[in-house]
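Working through the structure, step by step
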Amino acid sequence: MAGGGSAANSNSPTAVRIVVAGDRGTGKSSLIVTAAAEAFPTNVPPTLPPTRLPEDMFPDRVPVMVIDTSASMENRGKLADELKGADAVVLTYACDKPSTLDRLSTFWLPELRRLEVRVPVIVVGCKLDLRDEQQAVSLEQVMSPIMQQFREIETCIECSAFKHIQLPEVFYYAQKAVLHPTAPLFDQEAQTLKPRCVRALKRIFILCDHDRDGALSDAELNDFQVKCFNAPLQPSEIVGVKRVVQEKLPEGVNENGLTLTGFLFLHALFIEKGRLETTWTVLRKFGYNNDIRLCDDQLLPPITRTPDQSVELTSEAVEFLRGVFSLFDIDGDGALNAHELEDLFSTAPEKSRFSDIGIGLHRSHDPSVTRHPPTHLLGHADARPVYHIHLALLPVLDNSYDFSRGPIKASASAFASHVTSTGKPFFGLGPCAVPFLDAAIAHYSFEYYLFGFGLPSCFIIVLSPWSEAPFANAAEKNALEGLSLDGFLSEWALMILLDPVHGVENLIYIGYADDPSSAIRVTRRRRVDRKKKHSDRNVFQCFVFGPKEAGKTSLLHSFVGRPFAEGYTPTTEERYAVNVVDQPDIPEEAIEKLLVEKDALAACDIAVFVHDSSKESSWIRATELLVEIASHGESTGYEVPCLIVAAKDDLDPYPTAIQDSTRVSQDMGIEAPIPISAKLGDFNNIFRRITRAAAHPHLSIPETEAGKTRKQYHRILNRSLMVVSVGAAVAVVGLAAYRVYATRKNASS
């Protein structure tokens, strides 16, 4: 793989705005004028107007606008505005004035942080020709401590405007830091590719590995080169690339070609050699932006649909997912275990528990100075950085901890152990997070921000999109907690049903290369299904209603193959079970809130009402819920088929159960209650019956007394209108006949 030049790409910036700042007299204006005019000025104004550098001055041919600034106190407001609008900042010091160099670390760099200017910084030593020749300290010796403290510094360079030494390089490096930034790709301290970069490159590797053999063959390498750099690789170049990798990393090449490890090694090598444009060209050719996320034009646009339409996977997407399942089922046991599932989603965007619960966390050298008042502190006792964890985190922690005793001053290991000892995860991770947290706190600096409030990127956690509700535990798993192919496809069906845009985004990130719109289809409206007396859907959404302790959760558990549990666990929020058909379990308390919305039942294909057949009170409440749902459907036009399930059939029914159920089913025109026993494992083909009823949406629709009265009224009204219409038609015909008769009579006389 050759690191070709800077191919133009729509995902890269179209213009670069560079702000030059520094102490007075450090050579800012002379630097700008000489670079633009290629001549040293005799007279330079205190501050220059915005200066545009020639496009042909740089290989990327991207326009560069340079903004000069004043360091005077009266211009501090304008200086702050200019810095906040910069794509890159050039900070200058005078090589003949060591005090101006000291001011970089005591004022200018802290000031950029105070202003929250998070762009690449280029430190430039001007007036190189005036430096004392006796000065023996090298630039690297001088700048190394500063760069360790301020990792936003991209490059350091010395120049002379008077002698035209390294002037173009100053703005070339500034432009390059914007167009091809290092920070998103590479961790300078650890000397490794950053996780998000690894995920993106892994996805690109998978997309280019057409035969799915885990290596890029010579032909696949050549296709990759042509796509990214518009030029083929010569056979000798391919041999040379693989030789370089094999010498440094034997596992980077195998008999089939360049492995993923070798592919990642090559990009790390390019970056270490300063050829970041190579990796950025590759990323942008595959649709990534500067945040190493896919651009919006690579993803599915918003979907237009009515409330009673749903979204499903197409057969093409299902076949793709079948292939993905086989590819990642490494042990060939017909199920994806946790590690295989994690590997499958390793190319998808990271997910952080911090973002879910709204935690503000950032590093501060002075614990008393933060942008948010700290509630409690997590840090190290050995003078390592202090992290501020805010109140939103407290629900995740063990409630037994008494924060009135003071802030936590233990190591990350002790802190994580405190949390995980109760069985609760630490930010979504178990005890395995302890070394990760220790390493993160020990090595990462606070300038890696995320979410706009200073979250260090090292705390980003990659989770499967199915690790949390409503997807967690929604599908059937085997005895070893492995996800079968049916369970795998069911999870995808649920994701696409509930959030199709996010679902297709994940589909694209794991390697779906076709047009995103080809992955899904929008079903026809449910009311059309009722008129046609047949549904064209492949996924049905079943709402399960019922009073407390009726057996709803046991019904859902049985749907995904979980054993019956004797203990009662109340349903406090919507719970999903998916196994071809989607079945949310809706808690009784949420029904009133659900029915406030007119479109509440628009997404429902069938409603199931569960009651405890041994308790009359449970039956009464279930029928009340049935009437509420039926009434809501009649008044809004979103009528749904309904079934009644008599759970706990292993217990004796209450005395009048048979008479009551017969009366209600006859009065409302629906099927008699279906008896089941989760304890005995007797489910009476309930799930097939649910599916059959959903597939024929014109049947099993209950009618309330109010609904019957309303229909009778409309029937009478329609019949009256018909009589009036017929009468009008007879009158018109009679009038017409009379006119014909009168005309003929007049003609004969």
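Heads up: the structure comes first, above all this text.
In short, a report on the structure. Nothing here was measured: the structure is a model prediction, and the numbers come from that model. (Residues numbered from 1 in each chain as written. Predicted model: local features only at pLDDT ≥ 70, side-chain atom pairs only at ≥ 80, totals over all residues. Heavy atoms only, no water.)

1. Comments concerning the overall build of the chain
The test is simple: Strands are runs of DSSP state E lasting at least 2 residues, helices are runs of H or I lasting at least 4, and numbering of each runs from the N terminus. Whether two residues are in contact is decided by their heavy atoms: any pair within 4.5 Å suffices. In this description, accessible areas are obtained by the Shrake-Rupley approach with a 1.4 Å probe, and a residue is regarded as covered only by the protein chains that are shown.
Assigned secondary structure in the chain consists of 24 helices and 24 strands. The long-range fraction of contacts in the chain, counting pairs at least 24 apart against all pairs at least 6 apart in sequence, stands at 71%. Summed over its atoms, the accessible surface of the chain is roughly 35700 Å², and 54% of this surface lies on carbon and sulfur atoms.

2. Details of the sheet that holds strand β3 (residues 64-68)
For the record, the criterion: A pair of strands is treated as paired once DSSP finds two or more bridges between them. A fitted line through C-alpha atoms serves as each axis, taken over the contacting stretch for helices, and the angle formed by two N-to-C directions is quoted from 0 to 180°.
Spatial strand order, β2-β3-β1-β4-β5-β6: six strands in an open sheet with mixed pairing. Edge strands, defined here as strands with exactly one partner in the open sheet, are β2 (51-53) and β6 (153-158). Each strand axis lies, on average, 25 degrees off the axis of its neighbour in the sheet, ignoring direction. With three bridges joining them, β2 and β3 adopt antiparallel strand pairing. If you follow Leu53 over to β3, its bridge partner there is Val64.

3. What about the environment of Phe683?
Positionally, Phe683 belongs in the loop between β24 (674-675) and α23 (686-695). Considering only alpha carbons, one finds Phe683 and Ala647, 36 residues apart in sequence, at a separation of 9.1 Å. Apart from the residues within four sequence positions on either side, Phe683 is in contact with Ser558, Ile676, Ser677 and Ala678.

4. Examining the side chain of Asp605
Defined as follows: Buried, partly exposed and exposed residues are distinguished by accessible area as a fraction of the type maximum, computed with a 1.4 Å probe on protein chains only: under 20%, between the cut-offs, and over 50%, respectively. Here a polar contact means two N or O atoms within 3.5 Å. Within protein one must be a hydrogen donor candidate and the other an acceptor candidate, and residues neighboring in sequence count only if both atoms are side-chain atoms.
Looking at the secondary structure, you find Asp605 in the loop between α20 (588-594) and β22 (606-612). Residue Asp605 is classed as buried on the basis of its relative accessible area, which comes to 6%. A polar side-chain atom of Asp605 sits 3.5 Å from a polar atom in the side chain of Arg537.

5. Describing the packing of aromatic side chains
One pair of aromatic rings is described through two measures. These are the centre distance and the angle between the planes. Where we set the bar: Only rings of Phe, Tyr and Trp enter the pairing, Trp through its six-membered ring, and a pair is recorded when the two centres are within 6.5 Å. The plane angle decides the type: under 30 degrees is stacked, over 60 is edge-to-face, the rest tilted. Charge over a ring is defined by NZ of Lys or CZ of Arg lying within 6 Å of the ring centre and within 35 degrees of the ring normal.
Using the criterion set out here, one finds 16 aromatic pairs in the structure. Of the aromatic side chains, those joined through ring pairs into one cluster are Phe325, Phe345, Trp466, Phe488 and Trp492. Sitting over the ring of Phe286, Lys227 keeps its end group 4.9 Å from the ring centre.

6. Let's talk about the side chain of Glu158
When you line up the elements, Glu158 lands in strand β6. Within the structure, Glu158 has its side chain in polar contact with the side chain of Arg131 (distance 2.7 Å). Not counting chain neighbours up to four residues away, the residues in contact with Glu158 comprise Tyr93, Cys95, Gly125, Leu128, Arg131, Leu139 and Gln166.

7. Notes on the sheet that holds strand β11 (residues 257-259)
The strands making up a sheet associate through hydrogen bonds between their backbones, and the pairing can be parallel or antiparallel. Taking strand neighbours across the sheet as the criterion, the three strands line up as β9-β11-β10 in an open arrangement whose pairing is antiparallel. Edge strands, defined here as strands with exactly one partner in the open sheet, are β9 (215-216) and β10 (253-254). Of the pairings in the sheet, the one linking β9 to β11 comprises two bridges and is antiparallel in character. By the bridge assignment, Ala215 is partnered in β11 with Thr259. Lying over the sheet, helix α9 (residues 260-272) contacts β9 and β11, oriented at roughly 75 degrees with respect to β11.

8. A word on the packing of helix α11 (residues 315-328) against helix α16 (residues 485-498)
Condition: For this classification, under 35 degrees means roughly parallel, over 145 means roughly antiparallel, 65 to 115 means roughly perpendicular, and everything else is oblique. By convention, the crossing between two helices is left-handed when the near helix turns anticlockwise from the far helix through less than a right angle, and right-handed when the turn is clockwise. Under this grouping Gly is polar, as are all residues other than the nonpolar Ala, Val, Leu, Ile, Met, Phe, Trp, Tyr, Cys and Pro and the charged Asp, Glu, Lys and Arg.
Put simply, α11 and α16 touch, their axes get as near as 11 Å, and they point 130 degrees apart. When the interaxial angle is binned, α11 and α16 end up oblique. Of the two elements, α11 crosses α16, and the hand of that crossing is right-handed. Residues Val318, Leu321, Arg322, Val324 and Phe325 of α11 pack against Leu485, Phe488, Leu489 and Trp492 of α16. Taken together, the residues that form the contact of α11 with α16 break down as eight nonpolar, no polar and one charged.

9. Remarks on helix α2 (residues 76-84)
Applied cut-off: Summarising the geometry, the arc corresponds to the directions from the helix axis toward the C-beta atoms.
Burial in α2 covers these residues: Leu79, Ala80, Glu82 and Leu83. On an axial view of α2, the arc spanned by its buried residues comes to 165 degrees, and they lie on one face. For α2, the exposed residues set more than 90 degrees away from the buried face come down to Lys78, Asp81 and Lys84. Elements that come into contact with the buried residues of α2 comprise β1 (16-22), β3, β4 (88-94) and α3 (98-114).

10. Re the pairing of strand β5 (residues 121-126)
Counting buried residues along β5, six of its six residues qualify, which places the element largely inside the surrounding structure. Taking every second residue as pointing to the same face, both faces of β5 are buried, with Val121, Val123 and Gly125 on one and Ile122, Val124 and Cys126 on the other. Where β5 meets β6, five bridges bridge the pair, whose relative direction is parallel. Bridged to Ile122 within β6 is Thr155.

11. Quick word on the nonpolar core
Short version of the rule: Side-chain atoms within 4.5 Å are what join buried Ala, Val, Leu, Ile, Met, Phe, Trp, Tyr and Cys residues into a set we call a nonpolar core. Domain boundaries shown here were taken from an automatic or database domain assignment.
One finds Ile204, Phe488 and Trp492 to be the most contacted residues of the largest nonpolar core, which totals 73 residues. Each of domain 2 (192-298) and domain 3 (311-351 + 389-393 + 462-518) accounts for three or more of the residues forming this core. Leaving out residues up to four positions away in the same chain, Phe488 has contacts with Leu321, Val324, Phe325, Leu336, Leu344, Trp466 and Leu483.

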